Amino acid sequence: MSILALYSNKGGVGKTAAAVNLSYIATRSGLKTIICDLDPQGAATYYFRVKPKLKQGAKGFVRGGQKLYRSIKGTDFDNLDLLPADFSLRNLDIAFDALKHSRRRLAKILAPLAAEYDLVVLDCPVSVGLLAENILAAVDKALVPMIPTTLSVRTYAQLLSLCRKKDYDTSRLHAFFSMVDRRKKMHRDIIAAVSKKYKGVLQSFIPYLAEIEKMGLYRAPVAAVSPRSEGARAYDNLWRRLQASPGFKLS
Amino acid sequence: MPSDQHYSIPDPDAARAFIDGLVERFTVLEETSVFKKQRYYDTLDWRLYNKSLVLSACGNRLVLRKLKKNKPIHCMQISTMPVFARDFPAGEFQNHLAPIIKIRALVAIAALEVCSVPYRILNSDKKTVARLVYQRFQLIGGTHEPILHAYWCLKPVKGYTKTARKLSRRIQNAGFAAADAEALYINTLMSVNKTPGAYHTKIALQFDPEMRADEAVRALLHFLQQVMRYNETYIEMDLDTECLHDFRVAVRRTRSALGQIKEVIPPRVLARFKKDFAYIGKSTNALRDLDVYLLKEDEYRSMLPAALQEDIVPLFDYLKKRRTGALKQVIRTLKTKKYNSIMRDWNDFLQQPATDAADLSNAGRPIFELAREIITKKHTRIIKIGRRILVDRQDEKLHVLRIHCKKLRYLLEFFASLFPPRKVKALISQLKKLQDNLGDYHDLCVQRAYLITLIEEGTFSRQASPKTLAAIGSLIGTLEKKTLHVKNAFENAFGDFASPSAQALFQEVVQ
């Protein structure tokens, strides 16, 4: 089993859209996949038309085990399940903090999923606290969506610096460009500069598209609603780049 | 997660009415119907069925599962159906099948057309909370084929068990009963006149010890004729080498029974069919010999030094060409008037009621008494010849001993049901060890002689490269060494067979 996180310390960059579409594409390629919605706002849960409710909330989540897995819901797509969000997950940092080995709790919670799933996709909320540390300790790969803007690049630099400080393996971190508008010179320049400056940036560009925004209306992955659309192709390319990245176990 | 549930639909109109009723209570979304072909595969001797396995391909998905279980053990995507175990990609699927099917081919034993109409049951958020699939199965052969089976397949969605339970209740209340897990498989086979597990070469006839010998022998010979007839068609189709092998074993067993069980069949009939079955056996010798060489291709290669392993390829290409000719010859023989009249007359004879002919002294005797007498005689003979070989060291006698052992083995197999099962099994297993030694010795001698003839006769050696001839030479040398090794092992093999404990076991069996 591999664990893939869609993570960023900046909000509104396209984490959930990427998590939902990549999960769906992974499933199509034959991987039994579960998407875990760790974001209390529950956007991924909403996209899959599931009620954001965990049995026993955040407390039950940190306890893990069979009770937590009873909250898993099948989605409308074969081999793709969802562990829904819950509003109480906003307190996850506090819940982890109250436990021993608080930085490695998430890995422990997710480990039993290996019996049933090939891939776990984490849709993460914005966090730089204990939850972020748990995520970075648990994952095989973390994808970081980056809008080609100055602030986004700055946030990515902050994330890398945090990883180095906490001694996390930065080779597992891959940024990719999200909400790209190729007509803008600034976007083109930043993409070129970032690709040159940072190692491991995936040459994959998710364009700023209405069809991706409309996922909220269709409540389904772009790749499922219109598989030949530009958006679906962009996520497909991102999946292929990820598969080709060094150390990815599910190629 | 609860697994899929199947419910039989006896009448297609009832299915439509059920969906109409369902729409009133649930939001039901009908999706596009899917048409696929489903084929069941097994070997001709039902090796998968005998291990409680079902292999089927639906569309491009090949699935191996246990009988009466829906959950696949292995599944894989296929573009063309693998025929032999070696055609499967290396992995768990191949590892599971290879020791079961060995060198036998997988053949499509039945094919169905499957029509699936999927329905999604949605909740108020338009989320799928259960799937219900109407599945209709027809034999392939046009729309006029009757519907073999129709099912509701209820597929619960994880986390929505309440809906699945409600639907399950509703389906049962509408009169659709839970389907028998294997009804489709078994009925499909019956519709194409196939009975799973029916064909086997093992003699499973249960004789009453008091049964008249002539009746028992006719039953035995009839069974052997059925084995021949079953394989005739498949020899022509050239599915695998075992069809011819099974056919030949049945011919050999028939000849052995005719030769050994005396005074049971009228002399005129006996004389004719002894000759006839010798003719049938002989007509298939060349093809079987070539099959044996070709089956040993990998083994032969491994006997060669690495530098010569590729140079043996032309020999096998040549043997393959010769095999094509030999196969044509066998097919021609099986179509001749002579062959067909032999089989027809033989069948007519076996169907006649046994008459108490005064000149057939063994015909009316109880089969147990006669079988015990013949088996004891043969066993004594083997011990005598074997002991003489140990003294004389005459290699040619090993061949004679091999034939006698084979005859004893056939007798024990024919009449196994008359003796204590465990003891007769142990006795056969002892005999088998001696047979293996003698068989290996004979095979090695024949193979070596064949390669020498091949070089001497010139047809092949004129066109072969010096390196190929060197490879054959090296092979002859290795075979010779192996022959010597096997010959040296004879003393031990026979010693075990003739040991006091083995003799005691024999006495316990036939007493």
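How each quantity is defined
- Residues numbered from 1 in each chain as written.
- Chains lettered and ligands numbered in written order.
- Predicted model: local features only at pLDDT ≥ 70, side-chain atom pairs only at ≥ 80, totals over all residues.
- Helix = DSSP H or I, 4+ residues; strand = E, 2+ residues; numbered from the N terminus.
- Buried ≥ 20, exposed ≤ 12 C-beta atoms within 10 Å, placed from the backbone.
- Rg over C-alpha atoms; globule rule 2.2 N^0.38 Å.
- Contact = placed C-beta atoms within 7 Å.
- Nonpolar A, V, L, I, M, F, W, Y, C, P; charged D, E, K, R; others polar.
- Pairing = 2+ DSSP bridges.
- Domains from an automatic or database assignment.
- Axes fitted to C-alpha atoms, helices over the stretch in contact; angles between N-to-C directions.
- Parallel < 35°, antiparallel > 145°, perpendicular 65-115°, else oblique.
- Left-handed = near helix turned anticlockwise from the far one by under 90°.
- Core = buried A, V, L, I, M, F, W, Y, C linked by C-beta atoms within 7 Å.
- Arc of directions from axis to C-beta.
- pLDDT = per-residue confidence, 0-100.

## What to know about the overall build of chain B
Phase 1: Summing up its helical and strand segments, chain B has 18 helices and nine strands in all.
Phase 2: The dimensions of chain B, computed from C-alpha atoms along their principal axes, are 95 × 65 × 50 Å.
Phase 3: Counting across all 511 residues of chain B, residues that qualify as buried make up 29%.

## Considering the overall build of chain A
Phase 1: Looking only at helices and strands, chain A has 13 helices and eight strands in total.
Phase 2: Here the C-alpha radius of gyration of chain A, 17 Å, is about what a compact globule of 251 residues would show, namely 18 Å.
Phase 3: Its C-alpha atoms give chain A principal-axis dimensions of about 50 × 40 × 30 Å.
Phase 4: By the burial criterion, 45% of the 251 residues in chain A qualify as buried.
Phase 5: Nonlocal contacts in chain A, meaning residues at least 24 apart in sequence, comprise 76% of its contacts between residues at least 6 apart.

## What about the interface of chain A and chain B?
Phase 1: Facing the seven residues of chain A at the interface are seven residues of chain B.
Phase 2: Of the residues assigned to the side of chain A that touches chain B, the class counts are two nonpolar, one polar and four charged.

## Thoughts on the pairing of strand 6 (residues 72–77) of chain B
Residue and element names in this part refer to chain B.
Phase 1: Bridge count between strand 5 (residues 61–66) and strand 6: five bridges; the pairing is antiparallel. Bridging across to strand 6, arginine 61 finds its partner in glutamine 77.
Phase 2: Where strand 5 folds back on strand 6, the antiparallel hairpin that results is connected by five residues, among which lysine 68 adopts a positive phi of roughly 65°.

## Thoughts on the domain arrangement of chain B
Residues and elements named next belong to chain B.
Phase 1: Each assigned domain of chain B is listed here: domain 1 (5–191), domain 2 (208–349) and domain 3 (367–511).
Phase 2: The C-alpha-based centres of domain 2 and domain 3 are spaced at 19 Å.
Phase 3: In this complex, domain 2 contributes 20 residues to the contact, which on the side of domain 3 involves 19 residues.
Phase 4: The set of elements that each furnish at least two residues to the side of domain 2 that touches domain 3 consists of helix 6 (213–237), helix 7 (241–260), helix 10 (297–303) and helix 11 (313–335).
Phase 5: Counting residues per element, the side of domain 2 that touches domain 3 draws most heavily on helix 7, which supplies four residues.
Phase 6: Of the residues contributing to the side of domain 2 that touches domain 3, the split by class is 16 nonpolar, two polar and two charged.

## Observations concerning the sheet that holds strand 1 (residues 2–6) of chain A
Residues and elements named next belong to chain A.
Phase 1: The mixed open sheet is built from eight strands, whose spatial order is 3-4-2-5-1-6-7-8. Looking at strand neighbours, the two that pair on one side only are strand 3 (73–74) and strand 8 (205–207), the edges of this open sheet.
Phase 2: The sheet contacts of helix 1 (residues 15–28) involve strand 1, strand 2 (33–37), strand 4 (80–83), strand 5 (119–123), strand 6 (141–146), strand 7 (173–180) and strand 8, and relative to strand 5 the element is tilted by about 165°.

## Some thoughts on the packing of helix 14 (residues 396–414) of chain B against helix 15 (residues 421–457) of chain B
All names here are of chain B.
Phase 1: Look at helix 14 against helix 15: their axes get within 9 Å of each other, and the N-to-C directions meet at 150°. By the angle between their directions, the pair helix 14 and helix 15 is classed as roughly antiparallel. Handedness of the helix 14/helix 15 crossing: left-handed. From helix 14, Leu398, His399, Leu401, Arg402, Cys405, Lys406, Leu408, Arg409 and Leu412 reach across to helix 15, where they touch Val424, Leu427, Ile428, Leu431, Leu434, Gln435, Leu438, Gly439, Tyr441 and His442.
Phase 2: Taken together, the residues of the contact of helix 14 with helix 15 break down into twelve nonpolar, four polar and three charged.

## Concerning the nonpolar core
Phase 1: One finds Ala5(A), Val120(A), Leu122(A), Ile135(A) and Tyr235(A) to be the most contacted residues of the largest nonpolar core, which totals 79 residues.
Phase 2: In terms of residue count, the dominant contributor to this core is helix 1 of chain A (eight residues).
Phase 3: If you look at the next biggest cluster of nonpolar residues, it comprises 69 residues, including Leu221(B), Val330(B), Ile367(B) and Val424(B).

## Some words on the environment of Thr355(B)
Phase 1: Among the structural elements, Thr355(B) can be located in the loop between helix 12 (337–351) and helix 13 (367–392).
Phase 2: For the pair formed by Thr355(B) and Glu215(B), sequence separation is 140 residues and the distance between their alpha carbons is 9.3 Å.

## Some points on the environment of Arg136(B)
All names here are of chain B.
Phase 1: For arginine 136, the position within the fold is in strand 8 (residues 128–139).
Phase 2: Measuring from C-alpha to C-alpha, the distance between arginine 136 and phenylalanine 35 comes to 9.6 Å, with 101 residues separating the pair along the chain.
Phase 3: Setting aside residues up to four positions removed in sequence, arginine 136 forms contacts with Cys115, Ile147 and Ala150.

## Digging into the packing of helix 6 of chain B against helix 11 of chain B
All names here are of chain B.
Phase 1: At a closest axis distance of 9 Å, the pairing of helix 6 and helix 11 adopts a crossing angle of 140°. When the axes of helix 6 and helix 11 are compared, the crossing they make is left-handed. Every residue of helix 11 that contacts helix 6 at Glu232, Ile235 and Glu236 is listed here: Val330, Ile331 and Leu334.

## Quick notes on unusual backbone geometry
Residue and element names in this part refer to chain B.
Phase 1: One non-glycine residue, aspartate 238, lies in the positive phi region at around 55°.
Phase 2: Tracing the chain through its elements places aspartate 238 in the loop between helix 6 and helix 7.
Phase 3: The residue glutamate 263 is not glycine, and still its phi comes out positive at about 60°.
Phase 4: Within the secondary structure, glutamate 263 is located in the loop between helix 7 and helix 8 (267–283).

## Quick look at helix 17 (residues 490–497) of chain B
A turn of α-helix holds 3.6 residues, and therefore any two residues three or four places apart point the same way.
Residue and element names in this part refer to chain B.
Phase 1: Within helix 17, burial applies to Phe490, Ala493, Phe494 and Phe497. Looking straight down helix 17, one finds its buried side chains confined to an arc of 90°; they lie on one side.
Phase 2: Structurally, helix 17 contributes buried residues whose contacts are with helix 13, helix 14, helix 15, helix 16 (466–488) and helix 18 (500–510).

## Points about the confidence of the model for chain A
Phase 1: Confidence in the prediction for chain A averages 92 pLDDT; 99% of positions are at 70 or higher.
Phase 2: Across chain A, the element-wise mean pLDDT spans from 86 in helix 4 (residues 65–69) of chain A up to 97 in strand 2 of chain A.

## Some points on the pairing of strand 6 of chain A
Residues and elements named next belong to chain A.
Phase 1: Counting buried positions along strand 6 gives five out of six residues, so the element sits mostly inside the fold.
Phase 2: The sheet contact formed by strand 1 and strand 6 spans three bridges and is parallel. In the sheet register, leucine 4 faces strand 6, and the bridge partner there is lysine 141.
Phase 3: The pairing of strand 6 with strand 7 spans five bridges and is parallel. Looking at the pairing, valine 144 lines up with alanine 175 of strand 7.

## Here's the deal with helix 7 (residues 130–138) of chain A
Phase 1: In terms of burial, helix 7 of chain A is a largely internal element, seven of the nine residues being buried.
Phase 2: Buried-residue contacts for helix 7 of chain A involve strand 1, helix 5 (92–97), helix 6 (105–110), strand 5, strand 6 and helix 8 (150–166) of chain A.

## Remarks on the confidence of the model for chain B
Residues and elements named next belong to chain B.
Phase 1: Per-residue confidence for chain B gives a mean pLDDT of 92, with 98% of residues at or over 70.
Phase 2: Element-level pLDDT for chain B is lowest in helix 5 (residues 183–191), with a mean of 87, against a maximum mean of 97 in helix 3 (residues 92–101).
Phase 3: Reported for the predicted complex are a pTM of 0.77 and an ipTM of 0.86.

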